[in-house]
Amino acid sequence: MMDGTPHPAPDARTRILDAAESLVRAKGVAGLTLDAAARLAGVSKGGLLYHFASKEALLIGLIARMAEFIAEDFAAGTAAQPEGPGRVARAMLAWGFGQTPEAMNERCDRAAAVFLATFHHDPALLDPVRAIIARMRQAVAEDGLSPGVGGIVMAAGDGLFMARIFGMYAPTPGEMAAMHATLSRLIEESPA
């Protein structure tokens, strides 16, 4: 409500998913129980069970929501780029490198918690995200750039994501700017 406009309260399903995400971020998949999610969401256990009949159903809901977010975010990012060769690669570059570190870290932390909790419970539950990634890879392959250029941009973003979620390293702002400039140059200099 920072813009002064009142926003409707999230519905019970959204509150439950938000609570479940908060629990897996704070305590991992072991900390995600139906009782804890219901309590944090401010609903009865029966209310939670109405929306999610099991912990697995709750994880499926989390990963479906994350897959939808990724698909929508990627589509919006692509639409924001000028048409022509390299449009998808430029969108991926903006998506992976063009955000503030705080926004990028928040997005990575949210996705990491959901991905890791889901993977820990049953790796097959990640299939909706795998399908989105496959479509993104196809879009990169059809982007009109030299073979491999878009893949390099995608792999760089994926590498930064993995480094963040596993705490391997955190590039400095200068390193991020240098990587962004190098990848931008690679995209712009790629023959169609």
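Residues numbered from 1 in each chain as written. Predicted model: local features only at pLDDT ≥ 70, side-chain atom pairs only at ≥ 80, totals over all residues. Heavy atoms only, no water.

In the nomenclature of an unreviewed UniProt entry, the chain is known as TetR/AcrR family transcriptional regulator of Belnapia mucosa.

Here we take up the packing of helix 1 (residues 12-27) against helix 2 (residues 34-41). Where helix 1 contacts helix 2, the axes come no closer than 8 Å and their chain directions differ by 120°. Taken as axis vectors, helix 1 and helix 2 run oblique relative to one another. Classified by chirality, the crossing of helix 2 by helix 1 is right-handed. For the pair formed by helix 1 and helix 2, the contact residues are Arg 15, Ile 16, Ala 19, Ser 22 and Leu 23 on the first element and Ala 36, Ala 37, Leu 40 and Ala 41 on the second. A breakdown of the residues in the contact of helix 1 with helix 2 according to their chemical character gives seven nonpolar, one polar and one charged. (Axes fitted to C-alpha atoms, helices over the stretch in contact; angles between N-to-C directions. Helix = DSSP H or I, 4+ residues; strand = E, 2+ residues; numbered from the N terminus. Parallel < 35°, antiparallel > 145°, perpendicular 65-115°, else oblique. Left-handed = near helix turned anticlockwise from the far one by under 90°. Contact = heavy atoms within 4.5 Å. Nonpolar A, V, L, I, M, F, W, Y, C, P; charged D, E, K, R; others polar.)

Turning our eyes to something else, we now look at helix 8 (residues 149-165). Compared with the 24 Å implied by 1.5 Å per residue over 17 residues, the 25 Å span of helix 8 between its first and last C-alpha is a close match. Within two residues after helix 8, Gly 167 carries a phi angle of roughly 65°, on the positive side. (Expected span 1.5 Å × (residues − 1).)

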